[in-house]
Amino acid sequence: MQLEHQPEIVVLQDPEAVAHFVVSEIIKQVKLKANSVLTIPTGKTPERTYELLVEAVQNGEVNFDKVTLRMLDEYACLERKDSRTFQNHLRRKLIDPINFPNDRFQTIDSWPEDDFPEEARRFENLIKRTPSDLTILGIGQNAHIGFNEPPARPTDRTRVVQLSDDTLRANKKDISKHGKRTPEFAITQGIGNILESKRIILMATGKSKADIIRQAVREAVSAHIPASYLRLHPKTIFFLDRAAASQL
Ligand code: GLP
């Protein structure tokens, strides 16, 4: 049996405060270690965080010249130019506005000409010797982190996963595009990769996340609540707004 830890839980007034706190944690991390490796998520939750981070980098409040940014997950089978890829999303929100160089941006590619299991292996080989210093996560409606859908195992590595009906439903607005195929698979860092990170931040905002946050924090650690595995890590912080924390 693995030792369980009580995660630090920081409850803040609103999503704006959550974004400010997460940015200040990122700045602290990079000031402590200039060549930090940061795993970064997509989804709506971190969007404001990226806006504030772009401002901080542009103002010279933090220097990203030695930082490595690493993707957490990606849909499989979208074209290189498809705006729905997480990679293009991150490029629009963070990478391009701060002129972050490609050679320090560790990406998972979605392009259809690739062999996905091979792409997952390539990424796993790229990251396995240098665990992230800080991994930032959102949480899905079914408690997935990255695209680690339930049931998940704490030893899972980067791999191809099939998206659950819950996730397809929750992400429908973002991934259904007229006349285009909806991705049914994804490549994700596994829970094992996430737990190797030196520190982890999970951010969640809004009432729709309240029940799943309660499960992740209060119910028994289990494969059916992938985010509950974060309690196996001694340095995890949950940054929540009041609505997301309302069932704790
Ligand atoms: C996607 C991503 C997750 C993200 C989740 C929640 O499914 N794979 O990494 O945490 O969406 O997204 P949102 O922040 O939009 O609620």
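Counting starts from 1 at the beginning of each chain's written sequence and moves along it residue by residue. Restriction of local features to residues with pLDDT of at least 70 applies here, the model being predicted, together with a cutoff of 80 or more for giving and counting side-chain atom pairs; totals for whole chains, interfaces and linings are based on all residues. Side-chain measures here rest on the full set of heavy atoms in the structure, leaving out hydrogens and waters.

**Overview of the side chain of Arg-84**
Here is step 1: Helical segments are the DSSP runs of H or I of at least four residues, strand segments are the runs of E of at least two, and each set is numbered from the N terminus. Take Arg-84: it is sitting in the loop between strand E4 (73-75) and helix H3 (86-95).
Here is step 2: Each residue is placed in one exposure class: buried if its accessible area under a 1.4 Å probe, protein chains only, is under 20% of its type's maximum, exposed if it is over 50%, and partly exposed if it falls in between. For Arg-84, a relative accessible area of 8% puts it in the buried group.
Here is step 3: Polar contacts here mean pairs of N or O atoms no more than 3.5 Å apart (in protein, one a potential hydrogen donor and the other a potential acceptor; neighbouring residues in sequence count only if both atoms are side-chain atoms). Here the side chain of Arg-84 touches Asp-82 through a polar contact of 2.8 Å, side chain to side chain.
Here is step 4: If sequence neighbours within four positions are ignored, Arg-84 has contacts with Tyr-75, Leu-78, Asp-174, Ile-175, Ser-176, Lys-177, Lys-180, Arg-181, Thr-182 and Pro-183. The contact criterion used is simple: two residues touch if any of their non-hydrogen atoms lie within 4.5 Å.

**Quick look at the pairing of strand E3 (residues 68-71)**
On a regular strand, one side chain projects to one face of the sheet and the next to the other, so that they alternate.
Here is step 1: In E3, alternate side chains face the same way, and those of Thr-68 and Arg-70 on one face and Leu-69 and Met-71 on the other are all buried.
Here is step 2: For strand E2 (residues 37-40) and E3, the ladder comprises four bridges, and the chain directions are parallel. Along E3, the bridge assignment pairs Leu-38 with Leu-69.
Here is step 3: Here the term right-handed applies to a crossover when the path leading from its first strand over the helix to its second strand runs clockwise, the strands being oriented away from the viewer. The handedness of the E2 to E3 crossover, carried by helix H2 (residues 47-58), is right-handed.
Here is step 4: When E3 meets strand E5 (residues 105-106), the two strands line up parallel, connected through two bridges. What sits directly across from Leu-69, in E5, is Phe-105. Any two strands are treated as partners once DSSP identifies two or more bridges connecting them.

**Focus: the site of the ligand**
Here is step 1: Throughout, the term near means that a residue has one or more heavy atoms lying within 4 Å of the molecule or strand in question. Gly-43, Lys-44, Thr-45, Asp-73, Phe-86, Gly-138, Ile-139, His-144, Gly-146, Phe-147, Asn-171 and Lys-209 make up every residue found near the ligand.
Here is step 2: At a separation of 2.4 Å, an oxygen atom of the ligand approaches a polar side-chain atom of Thr-45.
Here is step 3: Between the ligand and His-144 there is a distance of 2.8 Å, counted from an oxygen atom to a side-chain nitrogen or oxygen.
Here is step 4: We get accessible surface area from the Shrake-Rupley algorithm with a probe of 1.4 Å; when it comes to residues, only the shown protein chains can shield them. For the ligand, the accessible surface in isolation is 390 Å², of which the surrounding protein chains cover 90%.
Here is step 5: In the shell around the ligand, the residues fall into three nonpolar, six polar and three charged. Residues are sorted three ways: Asp, Glu, Lys and Arg are charged, Ala, Val, Leu, Ile, Met, Phe, Trp, Tyr, Cys and Pro are nonpolar, and all the rest, Gly among them, are polar.

**Some details on the pattern of salt bridges**
Here is step 1: Every case where a carboxyl oxygen of Asp or Glu lies within 4 Å of a side-chain nitrogen of Lys or Arg is listed as a salt bridge. Scanning all chains against the criterion turns up 18 salt bridges.
Here is step 2: Across the pair Arg-231 and Glu-4 runs a salt bridge, and its minimum N-O distance is 2.9 Å. Here the residue Arg-231 occupies a position in the loop between helix H8 (210-218) and strand E10 (236-241), and Glu-4 occupies one in the segment before strand E1 (8-12), the gap between them amounting to 227 residues.
Here is step 3: Given the relative accessible area of 6%, Arg-231 is considered buried.
Here is step 4: You can call Glu-4 partly exposed: its relative accessible area is 44%.
Here is step 5: Here Arg-48 and Glu-16 are joined by a salt bridge, their closest N and O atoms 2.8 Å apart. Taken together, the residues Arg-48 in helix H2 and Glu-16 in helix H1 (residues 15-32) connect sequence positions 32 residues apart.
Here is step 6: The exposure class of Arg-48 is partly exposed, given its relative accessible area of 28%.

**Some details on the nonpolar core**
Here is step 1: Residues enter a nonpolar core if they are buried and are Ala, Val, Leu, Ile, Met, Phe, Trp, Tyr or Cys, with the set joined through side-chain atoms within 4.5 Å. Judged by nonpolar contacts, the single largest core of 50 residues is most densely connected at Ile-26, Leu-38, Phe-64 and Leu-69.
Here is step 2: Looking at which element gives the most residues to this core, the answer is H1, with eight residues.
Here is step 3: Here Phe-64 is in contact with Ile-26, Val-30, Leu-38, Leu-53, Val-57, Leu-69, Ile-98, Phe-100 and Arg-104, once residues within four sequence places are set aside.
Here is step 4: Grouped together as the second largest cluster of nonpolar side chains are 25 residues, Leu-72, Ala-143, Ile-191 and Val-217 included.

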